[in-house]
Amino acid sequence: MKPLAIQARACLRGLLLLTCVLQLGACASLTQPGPADRQAIAGKTFVVTGASSGIGRAVAHELAASGANIVLAARRAEVLDEVAGEVRRVGGTPLVVVTDVSRAQEMERLAQAAIGHFGRIDVWINNAGVGALGRFEDVPARDHARVIDVNVNGVIYGSHAALRQFIAQGRGTLVNISSVQGQIPTPYQSSYAASKAAVLGLGRALNQELRLARRDRIRVVTVLPWAVDTPFFEHAANYTGRAARSIAYDDPTMVARAIVWVSLHPRDEFPVGWKAGGAYAGHNLLPALTERVAADVEHATQIESGPPAPPTSGNLHQPVRGGATVEGGLRSHSAR
Ligand SMILES: NC(=O)c1ccc[n+]([C@@H]2O[C@H](COP(=O)([O-])OP(=O)(O)OC[C@H]3O[C@@H](n4cnc5c(N)ncnc54)[C@H](OP(=O)(O)O)[C@@H]3O)[C@@H](O)[C@H]2O)c1
């Protein structure tokens, strides 16, 4: 191909990418629940895994303010009781079910508790997740395996329980939290990226199954957030030798509102906000370049700079006391 034609094609792709980013930026503000959505939430039953901190806790707050029934699942019983108190105070009805999502029987028990208490499940949000940072060979194999147990098997068990109930009810929405990493894998988070790609693949396969079975009142949404300012980075296993970091964190409340919104307006894949939307669109147009740029940024942020930190398996194998808030305090730290 002639050089001029190659340049023209590159310009066109760049222009397309820019247009997508601008449009997604404009759309971001439209993906928050409005008054009609809040009415639709009242009295509906939502199961939220990973409700003890970060995005899950923020989702519980959002739903509670609209009068939802919320089944709160995670491992830290005392923190879930605290979240239940917050839910009650603003008008929601909570049910705490202490659950380790990597255990099939506990996930089945979670579904049965929700149905036994509220009679049905309208939306099931598989949000619980863990991460492990470090060069692939430096992260212990049991930590990689645990990331898959929680992030993939946990989502499979949750999706299985939810879909069986939705089929019995004739309707329902399953929301699985993946990540931009599911679409654009970056180095030093290999098993995490693999787990989030698995969640994305699961959603694509399930939506095709539902289409073929003509179950059009049952939907599976895969959500792809950008980096979010939650305790996730404090909780993650970390063998990089540096404190866990990312860049340009999103507000967890904005992300939680978008998750609540999409549970009422389902679509197959939902990158949250303009950064995730831009990266997702960019990857569809220029996958190799997007992955290379993301990898270079990750290397510079996580490996070449940042304060030293000792190795830790974080909250992978058992819950930790710290980081039970919605926010991780990372944006104020980055600003400083
Ligand atoms: N923060 C980000 O930058 C970001 C970006 C994209 C996607 N995400 C995804 O968003 C989701 C929520 O993460 P977050 O940012 O809110 O982090 P977080 O504050 O660490 O929340 C993770 C939640 O998962 C729960 N959890 C962990 N292991 C569990 C297990 N085995 N069984 C049950 N619950 C378990 C934790 O509670 P317990 O310890 O009490 O069990 C906690 O409630 C995750 O799937 C994450 O991968 C996060």
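Because the structure is predicted, anything quoted here is derived from the model rather than measured. (Residues numbered from 1 in each chain as written. Predicted model: local features only at pLDDT ≥ 70, side-chain atom pairs only at ≥ 80, totals over all residues.)

Caption draft 1: View of the nonpolar core. By size, the foremost hydrophobic cluster in this structure holds 85 residues, and its most contacted members are Val 47, Val 48, Val 59, Ala 60, Ile 70, Leu 72 and Ile 259. Setting aside residues no more than four positions away along its own chain, Ile 259 makes contact with Val 59, Ile 125, Val 175 and Val 223. (Core = buried A, V, L, I, M, F, W, Y, C linked by C-beta atoms within 7 Å. Buried ≥ 20, exposed ≤ 12 C-beta atoms within 10 Å, placed from the backbone. Contact = placed C-beta atoms within 7 Å.)

Caption draft 2: Spotlight on the environment of Val 255. On the secondary structure map, Val 255 appears in helix H10 (residues 252-264). Val 255 sits 31 residues away from Leu 224 along the chain, and the two C-alpha atoms are 9.8 Å apart. Contact partners of Val 255, with chain neighbours within four places excluded, come to Ile 55, Pro 225, Val 228, Asp 250 and Val 272. (Helix = DSSP H or I, 4+ residues; strand = E, 2+ residues; numbered from the N terminus.)

Caption draft 3: Molecular detail of the packing of helix H5 (residues 104-118) against helix H6 (residues 141-169). For the pair H5 and H6, interaxial distance at closest approach is 9 Å and the crossing angle is 35 degrees. The handedness of the crossing between H5 and H6 comes out as right-handed. Between H5, through Ala 104, Met 107, Glu 108, Ala 111 and Ile 115, and H6, the contact on the second element is made entirely by Tyr 157, Gly 158, Ala 161 and Gln 165. When the residues that make up the contact of H5 with H6 are grouped by side-chain class, the tally is six nonpolar, two polar and one charged. (Axes fitted to C-alpha atoms, helices over the stretch in contact; angles between N-to-C directions. Left-handed = near helix turned anticlockwise from the far one by under 90°. Nonpolar A, V, L, I, M, F, W, Y, C, P; charged D, E, K, R; others polar.)

Caption draft 4: The arrangement of H10 in detail. Helix length check: H10 (13 residues) gives 19 Å between terminal C-alpha atoms against 18 Å at 1.5 Å per residue, within 8%. All buried positions along H10 are accounted for by Pro 252, Val 255, Ala 256, Arg 257, Ala 258, Ile 259, Val 260, Val 262 and Ser 263. Contacts made by the buried residues of H10 are with helix H3 (54-65), strand S4 (123-126), strand S6 (172-177), strand S7 (218-224) and strand S9 (269-271). (Expected span 1.5 Å × (residues − 1).)

Caption draft 5: Region of the structure containing the sheet that holds S9. Taken in spatial order, the seven strands of this open sheet run S3-S2-S1-S4-S6-S7-S9, and their pairing is parallel. Of all strands in the sheet, those with a lone pairing partner are strand S3 (93-98) and S9, marking the two edges. Shown here is a sheet whose adjacent strand axes are inclined to one another by a mean of 15 degrees, direction ignored. In terms of strand pairing, S7 meets S9 through three bridges, oriented parallel. (Pairing = 2+ DSSP bridges.)

Caption draft 6: Region of the structure containing helix H4 (residues 77-89). In this model H4 runs 19 Å from its N-terminal to its C-terminal C-alpha over 13 residues, within 8% of the 18 Å that 1.5 Å per residue would give. The positive-phi residue at the C-terminal boundary of H4 is Gly 91, with phi of around 110 degrees.

Caption draft 7: Focus on the site of the ligand. What surrounds the ligand is a group of 33 residues, the closest being Gly 50, Gly 54, Arg 75, Gly 129 and Phe 232. Elements with a contribution of two residues or more to the shell around the ligand: H3 and helix H9 (232-235). For the shell around the ligand, the element with the most residues is H3, which contributes three residues. (Near = placed C-beta within 6 Å.)

Caption draft 8: Region of the structure containing the pairing of S4. Residue alternation in S4 divides its side chains into two sets, Val 123 and Ile 125 and Trp 124 and Asn 126, and both sets are buried. Note: strand S1 (residues 45-49) against S4, three bridges, orientation parallel. The residue of S4 that forms the bridge with Val 47 is Trp 124. Across four bridges, the pairing between S4 and S6 is parallel. Opposite Val 123, over in S6, you have Thr 173 as the bridge partner.

Caption draft 9: Focus on the environment of Thr 240. Tracing the chain through its elements places Thr 240 in the loop between strand S8 (237-238) and H10. On the neighbour-count criterion, Thr 240 (21 C-beta atoms within 10 Å) is buried. Along the sequence, Thr 240 and Ser 66 sit 174 residues apart, while their C-alpha atoms lie 42 Å from each other. Ignoring anything within four residues of it in the chain, the contact list for Thr 240 reads Leu 133, Gly 134, Tyr 188, Gln 302 and Ile 303.

Caption draft 10: Main features of the packing of H3 against H10. Running from amino to carboxyl end, H3 crosses H10 at an angle of 60 degrees, the nearest separation of the two axes being 8 Å. Classified by the angle their axes make, H3 and H10 are oblique. In this structure, H3 crosses over H10, and the sense of that crossing is right-handed. Of the residues in H10, those in contact with Gly 54, Ile 55, Ala 58, Val 59, Glu 62 and Leu 63 of H3 are Pro 252, Thr 253, Val 255, Ala 256, Arg 257, Ile 259 and Val 260. Here the contact of H3 with H10 is built from residues that sort into nine nonpolar, two polar and two charged. (Parallel < 35°, antiparallel > 145°, perpendicular 65-115°, else oblique.)

Caption draft 11: Quick peek at the pairing of S6. For S6, the tally of buried residues reaches six of six residues, placing the bulk of the element in the interior. Of the two faces of S6, both are covered, the one formed by Gly 172, Leu 174 and Asn 176 as well as the one formed by Thr 173, Val 175 and Ile 177. Pairing between S6 and S7: six bridges, direction parallel. Considered in S7, the bridge of Thr 173 is made with Arg 219.

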